[in-house]
Amino acid sequence: MREGVLIIGAGGVGRVVVHKAVQNIDTFKKITLASRTLSRCEQLQKEVDGKIDIAQVDADNVNELVELIKKVEPFMVLNIALPYQDLTIMEACLRTGVHYLDTANYEHPDTAKFEYKLQWAYDEKYKQKGIMGLLGSGFDPGVTNVFCAYLQKHYFDEIHYIDILDCNAGDHGYPFATNFNPEINLREVSAKGRYWEDGEWKETEPLAIKMVWDYPQIGKKDSYLMYHEEMESLVKHIKGLKRIRFFMTFGESYLTHMRCLENVGMLRIDEIEVDGCKVVPLHVLKALLPDPSTLGERTKGKTNIGVVAEGLKDGKKRKVYIYNVCDHQEAFKETGAQAVSYTTGVPAMIGAKLMVKNIWMREGVWNMEQFDPDHFMEELNTQGLPWKIKELDI
Ligand SMILES: NC(=O)c1ccc[n+]([C@@H]2O[C@H](COP(=O)([O-])OP(=O)(O)OC[C@H]3O[C@@H](n4cnc5c(N)ncnc54)[C@H](OP(=O)(O)O)[C@@H]3O)[C@@H](O)[C@H]2O)c1
């Protein structure tokens, strides 16, 4: 019988998923962690007193994945590797008839652009095979989609405007470092901004639109408009939507470093030749920057990620703010990872838990807001990511 979960990826987020899955061992029964570098899996296996099995896998290789899945026979695979592996892991799940979950949208290594098209294309095939794929079960995407679904279900008849607000006020003490995979992070931040209004996407220069938001338990922070993947599915599933935007906070020092690195070409993702060796500048930069998984111990402060929605309820205008605050040091104490990994890993575990318990289970490929949000919202409160909701003046 197929049982348990196969987690692929032993980075910052993978570490949190493992710790939280072990805390919920009654649900998951059997946990296997596989990743490219076995020593990272061994380290985590030690930390959780041998309660997980481990394996080495190259998740870019579908045949290797298929072999591993056949050997482990899990109920589902949690893809906690990188967005580059989404399609190979989805394909391996299809071939073996095993459910799939991820936290980030597919991206091709050579093109800094992400969209759901290629993953949504698996919908029909997953339906025919009788398996489910849950896309984007992290915080944003993930919890932000569930927040929107919850607001739509309980607070509004129609939501007209959504702003997703992501603040990381953590300080790791380094002049420059990224909180998760530097390559993925810097590609995202240096890309053009995009938001959706009146039925069409509008593009802006990178970080060209700024506003100041007063984040509860943190304070006022510069927040910049960016494109973010959850908007692509939310525009399809939220009733009456007229505009959706995404803002993320950045400090002046981070932006100055990033602009400088960009100006000198260090964010380039094409190959260049140096002394007869072919290198990708962004890969060199990644090798020089602190490994995000080592930031946890040094990072102090909090994250606050939430959604502000405005719309109509019973014919009256209403504006509601729903958010979670997560403390870096508390996240580290519990899992050995800072809040950015924590806020992603906990929802990945919750998504998997709802699938294993047959609460969120439907054949095909789905985004988070397409399910009843209530169970997920309850789990957030008990698994370490409690949320608050408040009415705002219009
Ligand atoms: N939705 C959200 O809110 C959110 C937020 C943050 C991050 N994320 C996503 O979460 C995922 C994990 O992020 P992270 O910060 O944990 O990244 P990370 O620290 O770089 O970890 C990635 C892990 O995947 C492994 N991996 C990479 N390529 C592999 C391959 N071909 N085969 C097998 N394993 C491979 C890496 O192995 P090595 O140890 O050998 O390098 C590493 O252990 C990413 O997809 C990221 O985009 C989502």
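A.B. asks: Is there a simple way to explain the overall build of the protein in this structure?
C.D. replies: The secondary structure content of the protein amounts to 15 helices and 18 strands. The C-alpha atoms of the protein give 20 Å as radius of gyration, which agrees with the globular expectation for 394 residues (21 Å, within 12%). With the principal axes as the frame, the protein shows a C-alpha extent of 55 × 55 × 40 Å. Scored against the burial criterion, the 394 residues of the protein give a buried share of 57%. Here the contacts in the protein between residues at least 6 apart in sequence split such that 71% fall between residues at least 24 apart. Total accessible area computed for the protein in this model is approximately 16800 Å², and 47% of it derives from carbon and sulfur atoms. The averaged location of the 58 negative side-chain charges in the protein is 3 Å from the averaged location of its 48 positive side-chain charges.

A.B. asks: Sorry, what's going on with the packing of aromatic side chains here?
C.D. replies: The geometry of an aromatic ring pair is captured by two quantities: the separation of the ring centres and the angle between the planes. Enumeration over the complete set of coordinates arrives at 14 aromatic pairs. Ring centres 5.1 Å apart and planes at 20 degrees place the aromatic pair Tyr-116 and Trp-120 in the stacked group. For Tyr-116, a relative accessible area of 1% puts it in the buried group. On the basis of an interplanar angle of 45 degrees and a centroid distance of 6.4 Å, the ring pair of Tyr-150 and Tyr-155 is categorised as tilted. Here Tyr-150 and Tyr-155 have matching classes, each one buried. Among the aromatic residues, those joined into a ring-pair cluster are Phe-176, Tyr-224, Phe-250 and Tyr-254. A cation over a ring is seen here: Lys-125 above Tyr-122, with NZ or CZ 4.4 Å from the ring centre. It is Arg-362 that lies over the ring of Trp-366; its NZ or CZ is 4.6 Å from the centre.

A.B. asks: Can you walk me through the site of the ligand in this structure?
C.D. replies: Not every one of the 28 residues close to the ligand is listed here, only the nearest: Val-13, Arg-36, Thr-37, Ala-59 and Thr-103. Burial of the ligand by the protein amounts to 92% of the accessible area it has alone, namely 930 Å². Across the shell around the ligand, the residue classes break down as 13 nonpolar, 10 polar and five charged.

A.B. asks: Would you mind showing me how to read the pattern of salt bridges here?
C.D. replies: Scanning all chains against the criterion turns up 18 salt bridges. Linking Arg-268 and Asp-270 is a salt bridge whose minimum nitrogen-to-oxygen distance equals 2.8 Å. Note on Arg-268: relative accessible area 41%, which makes it partly exposed. A salt bridge links Arg-318 to Glu-391; its shortest N-O distance comes to 2.6 Å. Of this pair, Arg-318 sits in strand E16 (residues 316–327) while Glu-391 sits in strand E18 (residues 387–392), and the two are 73 residues apart along the sequence. Several salt bridges converge on common partners, so that one network encompasses Lys-153, Asp-372 and Asp-374.

A.B. asks: Whenever I open this one, the sheet that holds strand E17 (residues 364–367) confuses me. Can you help?
C.D. replies: Hydrogen bonds between backbone atoms are what pair the strands of a sheet, whose relative direction is either parallel or antiparallel. Pairing in this open sheet of seven strands is parallel, and the strands run E3-E2-E1-E4-E5-E6-E17 from one edge to the other. The two strands at the open ends of the sheet, each matched to only one other strand, are strand E3 (53–56) and E17. Looking at each pair of strands side by side, their axes are set apart by 20 degrees on average, direction ignored. Bridge count between strand E1 (residues 5–8) and strand E4 (residues 76–79): four bridges; the pairing is parallel. Among the inter-strand pairings, Leu-6 is bridged to a residue of E4, identified as Val-77. Running at roughly 175 degrees to E3, helix H3 (residues 38–47) makes contact with strand E2 (31–35) and E3 of the sheet. Packing against the sheet, helix H5 (residues 86–96) makes contact with E1, E4, strand E5 (99–102), strand E6 (132–135) and E17, and its axis sits at approximately 165 degrees to E5.

Parameters at a glance
- Residues numbered from 1 in each chain as written.
- Predicted model: local features only at pLDDT ≥ 70, side-chain atom pairs only at ≥ 80, totals over all residues.
- Heavy atoms only, no water.
- Helix = DSSP H or I, 4+ residues; strand = E, 2+ residues; numbered from the N terminus.
- Rg over C-alpha atoms; globule rule 2.2 N^0.38 Å.
- Buried < 20%, exposed > 50% of the residue type's maximum accessible area, 1.4 Å probe, protein only.
- Contact = heavy atoms within 4.5 Å.
- Areas by Shrake-Rupley, 256 points an atom, 1.4 Å probe, with all protein chains shown as cover.
- Lys, Arg positive; Asp, Glu negative; His and termini not counted.
- Charge placed at Lys NZ, Arg CZ, Asp CG, Glu CD.
- Phe/Tyr/Trp six-rings, centres within 6.5 Å; stacked < 30°, edge-to-face > 60°.
- Lys NZ or Arg CZ within 6 Å of the ring centre and 35° of its normal.
- Near = heavy atom within 4 Å.
- Nonpolar A, V, L, I, M, F, W, Y, C, P; charged D, E, K, R; others polar.
- Salt bridge = Lys/Arg side-chain N within 4 Å of Asp/Glu carboxyl O.
- Pairing = 2+ DSSP bridges.
- Axes fitted to C-alpha atoms, helices over the stretch in contact; angles between N-to-C directions.

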